[in-house]
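The chain contents come next:
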Amino acid sequence: MRVVVPVVEDAGLNSRLSGHFGRAPYFAIVELGEEGRAVDVKMAPNVSKHMGGVGLPSEHILQLAPDVVIVPGMGPRALRLFQEAGVPVLRAAAETVEENLEALRKDLLEELTEGCREARHR
């Protein structure tokens, strides 16, 4: 299973989640093996238009073929793109990637069904 998480730093499983999906400096890409344990962790810089690049963050993430995305929150447009692609978006329950993976293993994360109302696009 491939899990993608927006983070504010490149600190592997100890990376703290970004409160703003589209403006996260990095995305942690975690491959989970059997029993839901991390077997590989990579960091991808956010190269979307929100960070001076091109394209939407959700489009870049979908190219990574995630099985699930874990976020504190997300704007309605990004959430809709993931839903249309059949990729579940789960609401984060903790501060770090590792803590959220533990919550995922314990089936404690709820699916995000509504985008953040305060999301603003420039």
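Owing to the predicted nature of the structure, the values given are computational and were not obtained by experimental measurement. (Residues numbered from 1 in each chain as written. Predicted model: local features only at pLDDT ≥ 70, side-chain atom pairs only at ≥ 80, totals over all residues. Heavy atoms only, no water.)

## A look at the pairing of strand 1 (residues 2-7)
Part 1: Across the six residues that make up strand 1, a large majority, five, are buried.
Part 2: When strand 1 meets strand 2 (residues 26-32), the two strands line up antiparallel, connected through six bridges. From the neighbouring strand, Val7 faces strand 2, where its bridge partner is Tyr26. (Buried < 20%, exposed > 50% of the residue type's maximum accessible area, 1.4 Å probe, protein only. Helix = DSSP H or I, 4+ residues; strand = E, 2+ residues; numbered from the N terminus. Pairing = 2+ DSSP bridges.)

## Some remarks on the sheet that holds strand 3 (residues 38-45)
Part 1: As summarised here, the arrangement of the five strands in space is 3-2-1-4-5, forming an open sheet in which the pairing is mixed. The outermost strands of the open sheet, each flanked by one partner alone, are strand 3 and strand 5 (89-91). Along the sheet, successive strands turn relative to each other by an average axial angle of 25°, direction set aside.
Part 2: Note that strand 4 (residues 68-71) and strand 5 share three bridges and pair parallel. The partner of Ile70 across the bridge, within strand 5, is Leu90.
Part 3: Of the strands in this sheet, strand 1, strand 2, strand 3, strand 4 and strand 5 touch helix 3 (residues 97-105), which is tilted by about 40° from strand 2. (Axes fitted to C-alpha atoms, helices over the stretch in contact; angles between N-to-C directions. Contact = heavy atoms within 4.5 Å.)

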